[in-house]
Amino acid sequence: MRSSFTVGGRKLSYLDFGGPGSPLLALHGHYNEAAAFAPLAAALAPRWRVIALDQRGHGESDRATRYARDDYVADVLAFHQWLGLGPVPLIGHSLGGVNAYQFAARHPARVSRLIVEDIGADLDLSWSFTLSLPRTAPSRAALIEALGPTAPYLECAFRQTAGGWGFSFDIDDTIASQQALNGNHWSDWTSVSCPTLLIRGTHSDVLPSPHAQAMTTRAPNARLVELPTGHVTHHDAPERFAAAVGGFLAEGRK
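All chains use their own residue numbering, which begins from 1 and follows the written sequence. Predicted model: local features are reported for residues with pLDDT of at least 70 only, side-chain atom pairs are reported and counted for 80 or more only, and whole-chain, interface and lining totals are derived from all residues. Only heavy atoms go into the side-chain values, all of them from the structure, while hydrogens and water stay out.

Some details on helix 2 (residues 69-83)
Note on conventions: DSSP H or I runs of at least 4 residues are helices, E runs of at least 2 residues are strands, and numbering of each starts at the N terminus. Given a helix with a known number of residues, its expected span is that number minus one, times 1.5 Å. Compared with the 21 Å implied by 1.5 Å per residue over 15 residues, the 22 Å span of helix 2 between its first and last C-alpha is a close match. Helix 2 sits mainly inside the fold: 11 of its 15 residues count as buried. When a residue's accessible area, from a 1.4 Å probe over protein chains only, is under 20% of the maximum for its type it is buried; when over 50% it is exposed; and in between it is partly exposed. Of the residues making up helix 2, those classed as buried are Arg 69, Asp 71, Tyr 72, Val 73, Asp 75, Val 76, Leu 77, Ala 78, Phe 79, His 80 and Leu 83. A positive backbone phi angle near 65° is found at Gly 84, which sits one or two residues after helix 2.

Printed below as a string of structure tokens:
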């Protein structure tokens, strides 16, 4: 079920995949939106009820004037408060992973367990891929053709408008968000106090193995799981990803 709430006059949308299970909050990465968690929600049901936010500038949420670190964290706080939840598990991929561990570090009483998918604690990422994206295409098929092998990773964000086919995110906003994502976030990562699972794709071009090892060494509550995938492990190996997430979450319910 899709719902929304307003923060400072700006709409934030989210998908509640429903069911009787315990809530698990989910934060997507750049180029995606809440719908990216549909396979994970299905795999974890009925034990877990996934509630995924369309982060600012993504999906059905409004675009914003700023995409700074504190802005994203404030959105997660507003999301948690809107749902009226106590401590809950939180999962995030890439952009959402940084948002998740920064939120967990700054609001420890609100996060019981943390899952971070393929993102580091010290980032210097390029936005060249974003600049290469077509801003519009005359048809859905043309957009898929233009994207080539990356199309399946962005498909949930496809949108048709009066000007043709494009994305539910703005390319210029995404670049601003990526620029603000870069930086040294070690202080937040090492401040997380809850049990943490870091999931890395062994073929990832975003999270090198030595950096992932350093993250678990410097955060004693964190452990590392590696899957034979690229950066988007939940897409490349959905069953193994769900099994790793589900097993980790089950430990917190014993």
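Describing helix 7 (residues 171-181)
Among the residues of helix 7, Ile 171, Asp 173, Thr 174, Ile 175, Ser 177, Gln 178 and Leu 181 are the ones counted as buried. In the core, the buried residues of helix 7 are packed alongside helix 2, helix 3 (95-106), strand 7 (122-123), helix 4 (128-132) and strand 10 (183-184). Of the residues flanking the start of helix 7, the one acting as N-cap is Asp 170, its side-chain oxygen 3.0 Å from the backbone nitrogen of Asp 172. Positive phi appears at Gly 183, one or two residues downstream of helix 7, with a value of about 140°. Two residues qualify as a contact provided that any one of their heavy atoms is within 4.5 Å of a heavy atom in the partner residue. Whenever two N or O atoms come within 3.5 Å, that pair is a polar contact, provided that in protein one can donate a hydrogen and the other can accept it, and provided that, for residues adjacent in sequence, both atoms are side-chain atoms.

Considering the sheet that holds strand 2 (residues 10-16)
A pair of strands is considered paired only if DSSP assigns at least 2 bridges between the two. Across the sheet, which stays open at both edges, the 8 strands sit in the order 1-2-4-3-5-6-11-12 with mixed pairing between neighbours. The open sheet has two edge strands with one neighbour each: strand 1 (2-7) and strand 12 (222-227). Geometrically, the sheet is characterised by an average inter-axis angle of 25° between neighbouring strands, direction not taken into account. When strand 2 meets strand 4 (residues 48-53), the two strands line up antiparallel, connected through 3 bridges. Within the sheet, the bridge partner assigned to Asp 16 lies in strand 4 and is Ile 51. All axes are obtained by fitting lines to C-alpha atoms, using only the stretch in contact for helices, and the reported angles, taken between N-to-C directions, cover 0 to 180 degrees. On top of the sheet, helix 9 (residues 209-218) reaches strand 11 (196-201) and strand 12; it is set at about 155° to strand 12, its chief contact.

Quick word on unusual backbone geometry
A cis amide bond links Ala 45 to the next residue, Pro 46, at an omega of 5°. Within the element layout of this structure, Pro 46 appears in the loop between helix 1 (38-44) and strand 4. Of note, the phi angle at Ser 94 is positive, near 55°, even though the residue is not glycine. When you line up the elements, Ser 94 lands in the loop between strand 5 (88-93) and helix 3. On the basis of relative accessible area, Ser 94 is assigned to the buried category, the value being 10%. The backbone of Asp 118 shows a phi angle near 55°, a positive value even though the residue is not glycine. Along the polypeptide, Asp 118 turns up in the loop between strand 6 (111-117) and strand 7. Residue class for Asp 118 comes out buried when judged on its relative accessible area of 0%.

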